[in-house]
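Chain by chain, the residues run as shown.
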Amino acid sequence: MHVFNQLLQWNFILVTAMVAWLVAQVLKTIINCMLCRKVDISRMWGDGGWPSAHSATVCAMVAATARVAGANSAIFAIAAVVAIITMHDAMGVRRQAGEQAKVLNQLIREWLEQGAQKLPILGDKQLQEMVGHTPIEVISGAMVGFLVGIVMPMAV
């Protein structure tokens, strides 16, 4: 507990954001295990899924910044803008990249099934499909982050 208190005193905002990331990643791993009925520990550090760890991290940063510096501070404004951009990107560009990866992976599978194994460009390429988030994944991640940012003790 002493080490945790030292970390909180060292940089409350950073520690709070990292705790929110960890909480979201653990939740994501547990939820994935329940839905798929198998343990996939790679979800602990993987992108995509419910809840969004990116959203949880930046929203915890915003909440912690408000607690430390106030909602009218310049650093709060910077944290809020970074959070908005991050969450928008997760639902936009990153989500579309994941959707494109699904289509490309399917095309590669079909080409290989049709005898295109000799095309060196195809090889054994498999694009990552879970890179972005749906709006509900982002919103739930934001809720996790704000909750962590609010309940995290400043220092004991």
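Residues numbered from 1 in each chain as written. Predicted model: local features only at pLDDT ≥ 70, side-chain atom pairs only at ≥ 80, totals over all residues. Heavy atoms only, no water.

S.K.: Honestly, the overall build of the protein in this entry has me stumped. Any pointers?
M.R.: If you tally the helices and strands in the protein, you get five helices and zero strands. Secondary structure elements of the protein occur, N-terminal to C-terminal, as α-α-α-α-α. For the protein, buried positions account for 39% of its 156 residues. (Helix = DSSP H or I, 4+ residues; strand = E, 2+ residues; numbered from the N terminus. Buried < 20%, exposed > 50% of the residue type's maximum accessible area, 1.4 Å probe, protein only.)

S.K.: Quick question: what am I supposed to make of the confidence of the model for the protein here?
M.R.: Note: predicted coordinates in regions of low pLDDT should not be interpreted at a detailed level. Here the protein averages 81 in pLDDT, and 73% of its residues register 70 or above. For the protein, per-element mean pLDDT is lowest for helix α4 (residues 93-113), which scores 70, and highest for helix α2 (residues 53-69), which scores 96. (pLDDT = per-residue confidence, 0-100.)

S.K.: Would you mind going over the environment of A142 with me for this structure?
M.R.: On the secondary structure map, A142 appears in helix α5 (residues 135-151). Relative accessible area serves as the criterion here: at 11%, A142 is assigned to the buried category. On a C-alpha basis, the gap between A142 and P51 in space is 8.3 Å, while along the polypeptide they are 91 residues apart. Once you skip the residues sitting within four places of it in the chain, A142 turns out to touch S55, A56, C59 and M87. (Contact = heavy atoms within 4.5 Å.)

S.K.: Help me understand the packing of α2 against α5 in this model?
M.R.: For any two helices packed against each other, the geometry comes down to the angle between their axes and how far apart the axes lie. Running from N to C, α2 and α5 point in directions that differ by 35 degrees, and their axes come no closer than 7 Å. Remark: the crossing between α2 and α5 carries right-handed chirality. On α5, the residues that touch S55, A56, C59, A60, V62, A63, A64 and R67 of α2 are V138, G141, A142, V144, G145, F146, G149, I150 and V151. Its residues placed into classes, the contact of α2 with α5 shows 12 nonpolar, four polar and one charged. (Axes fitted to C-alpha atoms, helices over the stretch in contact; angles between N-to-C directions. Left-handed = near helix turned anticlockwise from the far one by under 90°. Nonpolar A, V, L, I, M, F, W, Y, C, P; charged D, E, K, R; others polar.)

S.K.: Help me out: how do you make sense of α5 in this one?
M.R.: Look at α5: 24 Å from first C-alpha to last across 17 residues, which is about the 24 Å you get at 1.5 Å a residue. Along α5, the residues classified as buried are E137, V138, S140, G141, A142, V144, G145, V148 and G149. (Expected span 1.5 Å × (residues − 1).)

S.K.: Looking at this structure, I do not really get the side chain of T16. What am I missing?
M.R.: Residue placement: T16 occurs in helix α1 (residues 2-36). Its relative accessible area of 0% is what places T16 among the buried residues. Ignoring anything within four residues of it in the chain, the contact list for T16 reads A60, A64, V148, G149 and M152.

S.K.: Is there a simple way to explain the packing of α2 against helix α3 (residues 74-91) in this structure?
M.R.: At a closest axis distance of 9 Å, the pairing of α2 and α3 adopts a crossing angle of 170 degrees. Between α2 and α3, the interaxial angle falls into the category roughly antiparallel. Taking contact as the criterion, the partners of H54, S55, V58, C59, M61, V62, T65, A66 and A69 in α2 are, on α3, I75, F76, A79, A80, V82, A83, T86 and M87. For the contact of α2 with α3, a count of residues per class yields 13 nonpolar, four polar and no charged. (Parallel < 35°, antiparallel > 145°, perpendicular 65-115°, else oblique.)

S.K.: For this particular structure, what's the right way to read the nonpolar core?
M.R.: Across soluble globular proteins, nonpolar side chains show a tendency to be buried alongside one another. V58, C59, V62, F76, A79, A83, M87, A90, V138 and A142 together form the largest nonpolar core, which totals 10 residues. Put simply, the parts of the chain that give this core at least two residues each are α2, α3 and α5. Considering each element in turn, this core owes the most residues, five residues, to α3. Setting aside residues up to four positions removed in sequence, A79 forms contacts with M61, V62 and T65. Counting seven residues, the second-largest nonpolar core is a separate cluster that includes A24, A56, A60 and V148. (Core = buried A, V, L, I, M, F, W, Y, C linked by side-chain atoms within 4.5 Å.)

S.K.: What is the right way to look at α2 in this model?
M.R.: Three or four residues apart is the spacing at which side chains of an α-helix point the same way, because the helix has 3.6 residues per turn. With 17 residues, α2 should cover 24 Å at 1.5 Å per step; its first-to-last C-alpha distance of 24 Å lies within 8% of that length. The opening residue of α2 is S52, an N-cap whose side-chain oxygen sits 3.4 Å from the backbone nitrogen of H54. At the exit of α2 stands G70, carrying a positive phi of roughly 95 degrees. (Polar contact = N/O pair within 3.5 Å; in protein donor to acceptor, adjacent residues only side chain to side chain.)

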